[in-house]
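Understanding the architecture of this molecule
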Amino acid sequence: MRILIFGHTAFYNKEITIQQMSNGGGWMDSLIMKLHKLSTIQLGLADGSDNINYVGKKWEKECQHNIEYYHWPYHKKRIKEKISDLIHYNDVSRDKIVWPYYLDIYKQVIEDFKPDVIHVFGSEVYLQLAAIAAKGYPLVLHAQGLLSLYVYILCVPGISKRDYILKDGICKVFKNFQELVAWNRGAYREKAILSSVPHVIGRTTWDKQALEILAPQAKYHYGGELLRPIFYESIDRIYPATPIIITTLSSPLYKGYDLILKIADILKYQLHLDFTWKVFGGPNAKFFENKVGICHNDVNVEICGRVSAEEIKRTMCNATVYVQSSYIENSPNSLAEAQICGLPVVATNVGGTSSMVEDGVSGLLFPATDPYMGAYCIKELITNRERNIEMGKYAKEIAYKRHDPDNIVASLIQTYKEIIDDRQVVS
């Protein structure tokens, strides 16, 4: 079975070998690793890059590790086009100007590989225009985030568009303004992409319901996510003497760093709890601390930066509780990694989180706009060790079942077969 995958991931960098990727990478890399090991699958991996510039041709093909790789340079707008974009920033349909560039490349790549199934990961960037270019081929789009829903919470409660544009200082004003424009145009593009796909893969009640609106013509298939390999290696959890809270998040404002600061302030000064809150990743700390008026150092929050998967796992296995603070999510892998380490989770009840956390059983859910309820849930799991351990054990059990690699790959292969059969019936 020939599977052509369009997906934005570092795995497609030709300098990264199969052996190197086995030690890390994201869930897409883990899935591709498993597919690559199957003798019945021939993989093609397609992705663009800012770092390549082919002269005289639009794309390039190479073979490594019995995988066919396709690369092409991203479209670069001329200054005149950028100025026009700025003038017509409210015209989301201007995004279509660059579509022909990508559609032409994708059609050529598809024709060259001649796939039995095209698997498009995500609906967020220009790469996913492959779903439109692949019309007539067996195709499935694998939902990740959904821009059309995320765009409503891009400016989180208490943050205006002006705040967003100024969040990184005067030097980044134009960049942040372009980012806001790009989000709205991305949502426009996503709706066009989703309206053209015959099959979709999702994993939460939230994305299933959203896709019934955004892609009503598509057949929905369940598809689980693989975790990074190291998280499947069993390590006993050690309950810490002093409470340790852990959160992993990135820079977008909707990841909820402001909520962490507010909850930590309540935990320390109103509930008088002794704790350390370790935040991994790259939150926009300076902006939110100025906006909220709370410094992380004053409320026992440690910003730990980006670290290895090994360090994340080690910390999780020696923590008290994992907190998911986002204002919107589908199925955060960081939450799943915490669960498989045996940590109970306190999470905002948004997006697909309730499909991962059973409230009162494997963790506790609270409204994203209610830091007091978040603080109460954390206190409950800090002060009730027996309940904490019981929830953690159950979370680990369901996480192993949900993210079982063999079951996930077997289910995906079955989905591929259904897509091929569906096309044959239509033909």
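Everything that follows concerns the structure shown earlier in this document.
Treat the numbers as computed from the prediction; the structure is a model and nothing was measured.

Per the secondary structure count, the chain includes 16 helices and 14 strands. The C-alpha extent of the chain, read off along each of the three principal axes, is 65 × 50 × 40 Å. The proportion of buried residues among the 427 residues of the chain is 54%. Counting only carbon and sulfur atoms, one obtains 53% of the accessible surface of the chain, whose full area is about 19000 Å². Treating the 48 positive side-chain charges of the chain as one cloud and the 47 negative ones as another, the clouds have centres 5 Å apart.

Looking now at the side chain of Lys-313. Inspection of the secondary structure assignment puts Lys-313 in helix H12 (residues 309-316). Buried charge without a partner: Lys-313 forms no salt bridge, and the closest opposite charge is Glu-233, 4.9 Å away. Of note is the side chain of Lys-313, whose polar atom sits 2.7 Å from the backbone oxygen of Ile-230. Residues within four places of Lys-313 in sequence aside, it is in contact with Ile-230, Phe-231, Glu-233, Ser-234, Ile-235 and Cys-341.

Moving on, we get to the packing of aromatic side chains. Considering all chains together, one arrives at 14 aromatic pairs under this definition. With a centroid separation of 5.3 Å and an interplanar angle of 70 degrees, the aromatic rings of Tyr-89 and Phe-177 are classed as edge-to-face. In this pair, Tyr-89 is assigned in the loop between helix H3 (79-87) and helix H4 (99-113) and Phe-177 in helix H8 (residues 173-194), connecting sequence segments 88 residues apart. Looking at Tyr-89, the relative accessible area reads 39%, which means it is partly exposed.

Residues separated by three or four positions in an α-helix point in the same direction, a consequence of the helix having 3.6 residues per turn. In terms of residue burial, helix H2 (residues 27-36) counts as a mostly covered element, since eight of its 10 residues are buried. Taken together, the buried positions of H2 are occupied by Trp-27, Met-28, Asp-29, Ser-30, Leu-31, Ile-32, Met-33 and Leu-35.

Okay, the pattern of salt bridges next. With the rule as written, the count across this model stands at 23 salt bridges. A salt bridge links Lys-61 to Glu-68, with the nearest nitrogen and oxygen atoms 3.1 Å apart. What makes Lys-61 partly exposed here is its relative accessible area of 36%. Taking the relative accessible area as the measure of exposure, Glu-68 reaches 11% and is therefore buried. Put simply, Arg-2, Lys-61, Glu-68 and Asp-112 are held in one network by salt bridges that share partners.

Burial of strand S13 (residues 345-348) is two-sided: the residues Val-345 and Ala-347 facing one way and the residues Val-346 and Thr-348 facing the other way are all buried. Following the chain from strand S12 (residues 321-324) across helix H13 (residues 333-340) to the adjacent parallel S13, one finds a crossover that is right-handed. Here four bridges tie S13 to strand S14 (residues 363-366), and the two strands are oriented parallel to one another. Within S14, the residue paired with Val-346 across the bridge is Leu-364.

The rules behind each value
- Residues numbered from 1 in each chain as written.
- Predicted model: local features only at pLDDT ≥ 70, side-chain atom pairs only at ≥ 80, totals over all residues.
- Heavy atoms only, no water.
- Helix = DSSP H or I, 4+ residues; strand = E, 2+ residues; numbered from the N terminus.
- Buried < 20%, exposed > 50% of the residue type's maximum accessible area, 1.4 Å probe, protein only.
- Areas by Shrake-Rupley, 256 points an atom, 1.4 Å probe, with all protein chains shown as cover.
- Lys, Arg positive; Asp, Glu negative; His and termini not counted.
- Charge placed at Lys NZ, Arg CZ, Asp CG, Glu CD.
- Salt bridge = Lys/Arg side-chain N within 4 Å of Asp/Glu carboxyl O.
- Polar contact = N/O pair within 3.5 Å; in protein donor to acceptor, adjacent residues only side chain to side chain.
- Contact = heavy atoms within 4.5 Å.
- Phe/Tyr/Trp six-rings, centres within 6.5 Å; stacked < 30°, edge-to-face > 60°.
- Right-handed = clockwise from strand over helix to strand, strands pointing away.
- Pairing = 2+ DSSP bridges.

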